[in-house]
Amino acid sequence: MNIEKLINEKNLKLTTARKAILEILMNSNKPICYDDIKSNLSMDKATFYRNITKFEDEHIISSFESNDKKRYYEIQNNPHAHFICCKCSNIECISQNIDFNLAKHEIDNIIIKGICPECLDK
C-alpha cells in the first residue's frame, strides 16, 4: 500500500507526522497502541492522537480497546476478528472467516476474549 496514494485519495495533506504514523502501522503485523510506538515517533502525544482521529474519520485505520484499557490501531485493509487473552493481554489477529449469521448487519469489529494457549499451558 502506497502512503502517498492513500493520503491523496482521502484528500488529506501528507505531513511528516502522518507519514511516520502510517509507516509504523503498515509495517506492524498486529494492532499496536501509542505506548508500542512512541519511542519511534518524533512528535508529541497530542499530534499523534489528532492524526489518529483523522485517520479513523477517513476509514484509513480501525481501533479497539483492549483489557489493559489501551486503544490499539491497525490499517483498515481487510476486516477480521481479534482474540485478546484475558491473562497476558496478548492480541492476535484471526484471519479465518467467522460466520455469526448476522444478516442485514454491518459489522465493524469482532473481539473475542479468552485465554491463549501459552497462558493455558502455565
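Scoring rules and cut-offs
- Residues numbered from 1 in each chain as written.
- Predicted model: local features only at pLDDT ≥ 70, side-chain atom pairs only at ≥ 80, totals over all residues.
- Heavy atoms only, no water.
- Phe/Tyr/Trp six-rings, centres within 6.5 Å; stacked < 30°, edge-to-face > 60°.
- Helix = DSSP H or I, 4+ residues; strand = E, 2+ residues; numbered from the N terminus.
- Buried < 20%, exposed > 50% of the residue type's maximum accessible area, 1.4 Å probe, protein only.
- Polar contact = N/O pair within 3.5 Å; in protein donor to acceptor, adjacent residues only side chain to side chain.
- Salt bridge = Lys/Arg side-chain N within 4 Å of Asp/Glu carboxyl O.

Q: Describe the packing of aromatic side chains, and please don't skip the residues or the numbers.
A: The tally for this structure, following the rule as stated, stands at five aromatic pairs. Geometrically, the ring pair formed by Tyr-34 and Tyr-49 is tilted, given 5.6 Å between the ring centres and 40 degrees between the ring planes. Of the two residues, Tyr-34 is situated in helix 3 (residues 34-37) and Tyr-49 in helix 4 (residues 45-57); the sequence distance between them amounts to 15 residues. Since its relative accessible area comes to 12%, Tyr-34 is described here as buried. Taking 6.1 Å as the distance between ring centres and 20 degrees as the angle between the ring planes, the aromatic pair formed by Phe-64 and Tyr-72 counts as stacked. Each member of the pair, Phe-64 together with Tyr-72, is buried. An aromatic cluster is defined as three or more aromatic residues linked by ring pairs; in this entry it consists of Tyr-34, Phe-48, Tyr-49 and Tyr-73.

Q: Describe in detail the side chain of Thr-47, supporting the description with residues and values.
A: Along the chain, Thr-47 turns up in helix 4. Side-chain polar atoms of Thr-47 contact the side chain of Asp-44, separated by 2.7 Å. At 3.2 Å, the side chain of Thr-47 and the side chain of Arg-50 are in polar contact.

Q: Lay out the pattern of salt bridges in plain terms, naming residues and giving numbers.
A: Under the counting rule described, the total for this entry stands at four salt bridges. Between Lys-38 and Asp-35 there is a salt bridge, with its nearest N and O atoms 3.6 Å apart. Looking at Lys-38, the relative accessible area reads 42%, which means it is partly exposed. One salt bridge in this structure joins Lys-54 and Glu-58, with 3.9 Å as the shortest N-O distance. Taken together, the shared-partner salt bridges in this structure form one network comprising Asp-35, Lys-38 and Lys-70.

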